Amino acid sequence: MGETKLLFRNGFIYFGEVQVHLFPLNSYLCLLHSFMEHEDLDFLKSVFLESSQVDVCVLLKDLVSSKSLPSVRKFSLFLEDLSSFGVGKFSLKRVSEHQVHISVENLVLSKLYKNIYGSVPPLSLEYLPAGFCKHAAELLFQKEVLEVSLEKNLICLELGEEKNFVLEKSPYVLEEQHFHISPVLLKILSQKQIKISSGLFSIWNTYGILVPYASLFSFLSRFDTSYYETFFEKLGVMQGRAAATLQSAVFGVHSDELFERVIEQSQLVGMGRVLYYWETPFRFLIETNCSSSFSPLRLGSSLFYLYLCGIIKGVYEFCTEQRTLLSLRSREAFLEKCPVREDDDEEREIDVRINAKALLAKSCSLASKS
């Protein structure tokens, strides 16, 4: 189940034909927290529910065309796939003419959010997987979902009249060129350090979440992206710093050698391949298909690219002990040395949530019963 569908191809990760990015769970929740602080919650709920439509179509492509399986069985198989993304374990509890009830174990997002921020989220984060369930139900049962509600350990879908729902065209283009897998990634895979169990996705001792690219970019493109540009770069910087801190403890080096080790793991999270040049200013290029494959969602992909550049910046600053300014020129990015400064309040707040110690913390007992 699930794990066999993960493919690592040329710096990208695919779940079946869906391209995904692996976020550390703390970083992803930090991102969602920022949106819940600044956006209207009713609007945010609608974005949670609607942004996954294209990815659901890709996930269901083969199941929809199958004539041998009943719709209820197809929906159960879809929930098995959804359980591999790291947001909880889903199973079909009940189907009637007007209702679908989905049981959820390990409410990962809300549980860890409460552990990090000390309170329940102002908007239930289970509306994110509920959006996947909504679109799957419409495609498989050919009935409009009139309402989505959340109860304790349940996602409840109210079905309306029959309606014709069709598969949307996939934005994904599977890479057919030669495979390129780094030695670091090969070692991680051979040691079976990537685990999917009971709705939890973990790598080493760190919880993660697989976020489909089209859903992510669709989500981000609904907002004023200019408002969040600085935040996304800072989130990336702090995540890069945390990754470098962890790897420094493992390898005991603090130099360009460490930089190379950490950046080599870019394939592990599906950010593509990073080409870099030790020049002044430091120059790098992230070989990603963000803009080419997802051009209709370019606004969202531009924010994500700033996040990726921030990761490189955070690793570089840790390894060189220099503060830098990031600038983008065409497809390349540059880091120029700048005067030393202290982290600002927003950076310190992010760092508290996603530093190396926080990423490794398992005190929240996510695998316990909800």
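Scroll up a little and you will see the structure.
This section reports on the structure supplied with the text. Predicted model only: the values in this text are computed from it and were never measured.

Conventions adopted
- Residues numbered from 1 in each chain as written.
- Predicted model: local features only at pLDDT ≥ 70, side-chain atom pairs only at ≥ 80, totals over all residues.
- Heavy atoms only, no water.
- Helix = DSSP H or I, 4+ residues; strand = E, 2+ residues; numbered from the N terminus.
- Buried < 20%, exposed > 50% of the residue type's maximum accessible area, 1.4 Å probe, protein only.
- Contact = heavy atoms within 4.5 Å.
- Areas by Shrake-Rupley, 256 points an atom, 1.4 Å probe, with all protein chains shown as cover.
- Pairing = 2+ DSSP bridges.
- Axes fitted to C-alpha atoms, helices over the stretch in contact; angles between N-to-C directions.
- Phe/Tyr/Trp six-rings, centres within 6.5 Å; stacked < 30°, edge-to-face > 60°.
- Lys NZ or Arg CZ within 6 Å of the ring centre and 35° of its normal.
- Expected span 1.5 Å × (residues − 1).
- Parallel < 35°, antiparallel > 145°, perpendicular 65-115°, else oblique.
- Left-handed = near helix turned anticlockwise from the far one by under 90°.
- Nonpolar A, V, L, I, M, F, W, Y, C, P; charged D, E, K, R; others polar.
- Salt bridge = Lys/Arg side-chain N within 4 Å of Asp/Glu carboxyl O.
- Polar contact = N/O pair within 3.5 Å; in protein donor to acceptor, adjacent residues only side chain to side chain.

### Focus on the overall build of the protein
Consideration 1: The secondary structure content of the protein amounts to 15 helices and 14 strands.
Consideration 2: Residues classed as buried in the protein amount to 55% of the 370 residues present.
Consideration 3: The contacts of the protein with a sequence gap of at least 6 include a subset with a gap of at least 24, amounting to 68%.
Consideration 4: As displayed, the protein offers around 16,500 Å² of accessible surface, 51% of which is attributable to carbon and sulfur atoms.

### Some details on the sheet that holds strand β8 (residues 194–197)
Consideration 1: Reading across the sheet, the six strands line up as β1-β2-β3-β10-β9-β8 and stay open at both edges, with antiparallel pairing between neighbours. Whereas interior strands pair on both sides, the edge strands pair on one side only; in this sheet they are β1 (6–9) and β8. Pairwise comparison of adjacent strand axes, ignoring direction, gives a mean angle of 40° for this sheet.
Consideration 2: As judged from the three bridges shared by strand β2 (residues 12–15) and strand β3 (residues 18–24), these two strands associate in the antiparallel manner. Bridging from a neighbouring strand, Tyr14 pairs with Gln19 of β3.
Consideration 3: Where helix α8 (residues 213–220) meets the sheet, it contacts β3 and β10 (206–212), and its direction lies at approximately 80° from that of β10.

### Here we look at the packing of aromatic side chains
For any pair of aromatic rings, the description rests on two quantities: the centre-to-centre distance and the angle between the ring planes.
Consideration 1: Enumeration over the complete set of coordinates arrives at 30 aromatic pairs.
Consideration 2: Taking 6.0 Å as the distance between ring centres and 45° as the angle between the ring planes, the aromatic pair formed by Phe75 and Phe78 counts as tilted. Of this pair, Phe75 and Phe78 both sit in helix α4 (residues 71–82), three residues apart, which is roughly one turn of the helix.
Consideration 3: On the basis of relative accessibility, which here comes to 2%, the residue Phe78 falls in the buried class.
Consideration 4: Residues Tyr227 and Tyr228 carry aromatic rings whose centres are separated by 5.0 Å and whose planes lie at 80° to one another, so their mutual orientation is edge-to-face.
Consideration 5: By relative accessible area, which is 49% here, Tyr227 ends up partly exposed.
Consideration 6: Ring pairs connect the aromatic residues Phe35, Phe43, Phe48, Phe219, Phe223, Tyr227, Tyr228, Phe231 and Phe232, which therefore count as one cluster.
Consideration 7: Taking NZ or CZ as reference, Arg329 lies 4.0 Å from the ring centre of Phe334, over its face.

### Let's talk about α4
Consideration 1: In a regular helix each residue adds 1.5 Å, so twelve residues correspond to 16 Å; α4 covers 16 Å between its end C-alpha atoms and thus fits that length.
Consideration 2: In this structure, the buried residues of α4 make contact with β2, α3 (53–65), β4 (89–95), β5 (99–105) and α6 (127–141).

### Details of the packing of helix α9 (residues 225–251) against helix α14 (residues 345–354)
Consideration 1: Where α9 meets α14, the axes come as close as 9 Å, and the angle between the chain directions of the two elements is 45°. As summarised for this structure, α9 and α14 are arranged oblique, according to the angle between their axes. Crossing of α9 against α14: the hand is right-handed. Along its contact with α9, which presents Phe231, Lys234, Leu235, Met238, Gln239 and Ala242, the element α14 presents Glu346, Glu347, Ile350, Asp351 and Ile354.
Consideration 2: Looking at the contact of α9 with α14 residue by residue, the class counts come to six nonpolar, one polar and four charged.

### Examining the side chain of Asp343
Consideration 1: Residue position: Asp343 is located in the loop between β14 (332–337) and α14.
Consideration 2: Looking at Asp343, the relative accessible area reads 13%, which means it is buried.
Consideration 3: Every residue in contact with Asp343, bar those within four places of it in the chain, is listed here: Met238, Arg241, Arg323 and Arg348.

### Section: the environment of Pro24
Consideration 1: Structurally, Pro24 is set in strand β3.
Consideration 2: Note: C-alpha distance between Pro24 and Ser202 (178 residues apart in sequence) is 8.9 Å.
Consideration 3: Beyond its immediate stretch of four places on either side in the chain, Pro24 contacts Tyr207, Gly208, Gln239 and Leu359.

### Regarding the pattern of salt bridges
Consideration 1: One pass over the structure, following the stated rule, counts 17 salt bridges.
Consideration 2: Between Arg241 and Asp343 there is a salt bridge; the shortest N-O distance is 3.0 Å. Pair noted here: Arg241 is in helix α9 and Asp343 is in the loop between β14 and α14, with a separation of 102 residues, a long-range link.
Consideration 3: On the accessibility criterion, Arg241 (18% relative accessible area) is buried.

### A few points about helix α2 (residues 41–50)
Consideration 1: The complete set of buried residues in α2 reads Leu44, Val47, Phe48 and Leu49.
Consideration 2: Against α1 (25–38), α6, β6 (143–151) and α8 lie the buried residues of α2.
Consideration 3: The opening residue of α2, the one whose side-chain oxygen lies 3.2 Å from the backbone nitrogen of Asp42, is Asp40.

### Remarks on the pairing of β6
Consideration 1: Judged from the seven bridges that link them, β6 and strand β7 (residues 154–162) form a sheet pairing that is antiparallel. Paired with Glu151 across the two strands is Leu154, which belongs to β7.
Consideration 2: Taking the residues that link successive antiparallel strands as the turn, the β6-β7 hairpin has two residues, and the phi of Asn153 there is positive, at about 60°.

### Observations concerning the packing of α9 against helix α10 (residues 256–264)
Consideration 1: In the contact formed by α9 and α10, the axes pass within 10 Å of each other and the chain directions differ by 115°. With respect to the hand of their crossing, α9 and α10 are arranged in right-handed fashion. When α9 is examined against α10, the residues Ala243, Ala244, Gln247, Ser248 and Phe251 are found in contact with a partner set consisting of Leu258, Arg261 and Val262.
Consideration 2: Considered class by class, the residues forming the contact of α9 with α10 number five nonpolar, two polar and one charged.

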